[in-house]
Amino acid sequence: MTWTADDMPDLRGRTAVVTGANSGLGRVTATELARHGAHVIMAVRNTAAGERVAPAGAEVRHLDLADLASVRAFAKGVGEIDLLINNAGLVLLGPRQQTADGFELHLGTNMLGPFALTGLLLDRVKDRIVSLSSIVHKRARLEFDDLMSKRDYTGSRAYGRSKLATTVFGLELDRRLRAAGSPVMSVLAHPGLTDTNLTPRANAHRGAFQQRLINAVSKRATQSVERGTLPQLYAATAAGVRGGQFFGPSGLGETRGRVTEVRASEHARDPEVGRRLWAAAVALTGVSYLE
């Protein structure tokens, strides 16, 4: 489909929460939603940075997905919303790190934090929940006896597993919403290979020369952040979207190009994997919903 942000509908009267909205995909998402009339709540770790880029009329509120206390505090201050866009993500290719709650940092930030946030806000969401996946999920498998990646840790593997977990969560959420007869939809999107600030941050542990080289190669291989944001904007706003759909770029192995519907990996689509991950997330976060 040839679809751009100019094709988004009039969003006046609608409210959206966008996590990680102070840079990259989240910044463009928040800006485009506001441009089309939505009231946007920018949920960010760095509120000063959020204020600097906030579009007119947007609210900036503190949220650290790597800290469940912060997730709970943020959720208490949110009223009725139409859209929840779980955009925030993290990739660090250096040594293993943990969240405030002792979770491996990628899994905690990219899946467990959004899982808890979604559960705490679900009774206030009226339309859609969009979860941001990645093409790297297709090369990963969840190891339920080592969800925290304590064995043979590598940052790239942990990141891939966290994005697989995000994908499994989005699909399992859709199953449970439909089983409950809810009108709310769970939809997935991924940006392909996009020029965001994740690459510089991911390689912050490397020397200055290596960082410059990696960043230069990355810029040549990626599409613009504006183009990479289109799948999640489509998932969040386009008419006719159905729960459980997954959108990404159409070209070069889903790395770039126009928006199209894509397919999650077989492992991600397995209902038993979804059930097991959901149970683990409830146990780890203490947030239980759609049981």
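Structure first, text after, so check above.
The rules behind these values
Residues numbered from 1 in each chain as written. Predicted model: local features only at pLDDT ≥ 70, side-chain atom pairs only at ≥ 80, totals over all residues. Heavy atoms only, no water. Helix = DSSP H or I, 4+ residues; strand = E, 2+ residues; numbered from the N terminus. Rg over C-alpha atoms; globule rule 2.2 N^0.38 Å. Contact = heavy atoms within 4.5 Å. Lys, Arg positive; Asp, Glu negative; His and termini not counted. Charge placed at Lys NZ, Arg CZ, Asp CG, Glu CD. Buried < 20%, exposed > 50% of the residue type's maximum accessible area, 1.4 Å probe, protein only. Pairing = 2+ DSSP bridges. Salt bridge = Lys/Arg side-chain N within 4 Å of Asp/Glu carboxyl O.

K.L.:
It is not clear to me how the overall build of the protein chain should be interpreted in this structure. Could you clarify?
P.N.:
When helices and strands are tallied, the protein chain shows 11 helices and 8 strands. Its C-alpha atoms give the protein chain a radius of gyration of 18 Å, near enough to 19 Å, the size a compact globule of 291 residues would have. With the C-alpha coordinates aligned to their principal axes, the bounding extent of the protein chain is approximately 45 × 40 × 35 Å. Taking the intrachain contacts of the protein chain between residues at least 6 apart in sequence as the baseline, contacts between residues at least 24 apart amount to 72%. Where the 37 positive side-chain charges of the protein chain centre and where its 28 negative ones centre are 4 Å apart.

K.L.:
Before we go on, may I ask you to explain unusual backbone geometry in this structure?
P.N.:
Trans is the prevailing form of peptide bonds, just as negative phi is the prevailing case for residues other than glycine. Residue S149 is not a glycine yet carries a positive backbone phi of 50°. One can find S149 in the loop between β5 (125-132) and α5 (155-179). Residue classification places S149 among the buried residues on the basis of a relative accessible area of 5%. You will see that D152, though not glycine, has its phi angle at about 50°, which is positive. Classification of D152 by relative accessible area gives exposed; the value is 66%.

K.L.:
Got a minute to help me understand the pairing of strand β4 (residues 81-86) in this structure?
P.N.:
Within a regular beta strand, the side chains point alternately toward one face of the sheet and then the other, so they alternate between its two faces. Among the 6 residues in β4, 6 count as buried, and that is most of the element. Summarising the sheet, strand β1 (residues 15-19) and β4 pair through 3 bridges and their orientation is parallel. Residue pairing across strands places A16 opposite L83, the latter belonging to β4. Pairing geometry for β4 and β5, over 5 bridges, is parallel.

K.L.:
Teacher, can you tell me more about the environment of L93 here?
P.N.:
Inspection of the secondary structure puts L93 in the loop between β4 and α4 (105-121). Taking the C-alpha atoms as reference, L93 lies 7.1 Å from T154; in sequence the two are 61 residues apart.

K.L.:
I'm lost on the pattern of salt bridges in this one. Help?
P.N.:
Note that side chains of opposite charge can pair when their charged atoms are close. A full pass over the atoms with the stated rule returns 17 salt bridges. For D6, the salt bridge identified is with R35, shortest N-O distance 3.0 Å. You can see D6 sitting in the segment before β1 and its partner R35 sitting in helix α1 (residues 24-35), a full 29 residues away along the chain. With relative accessibility at 59%, the residue D6 sits in the exposed group. Linking R61 and E59 is a salt bridge whose minimum nitrogen-to-oxygen distance equals 2.6 Å. Take E59: its relative accessible area is 27%, and that puts it in the partly exposed class. Residues participating in the shared-partner salt-bridge network are R14, E80, D82, K126, D127 and R128.

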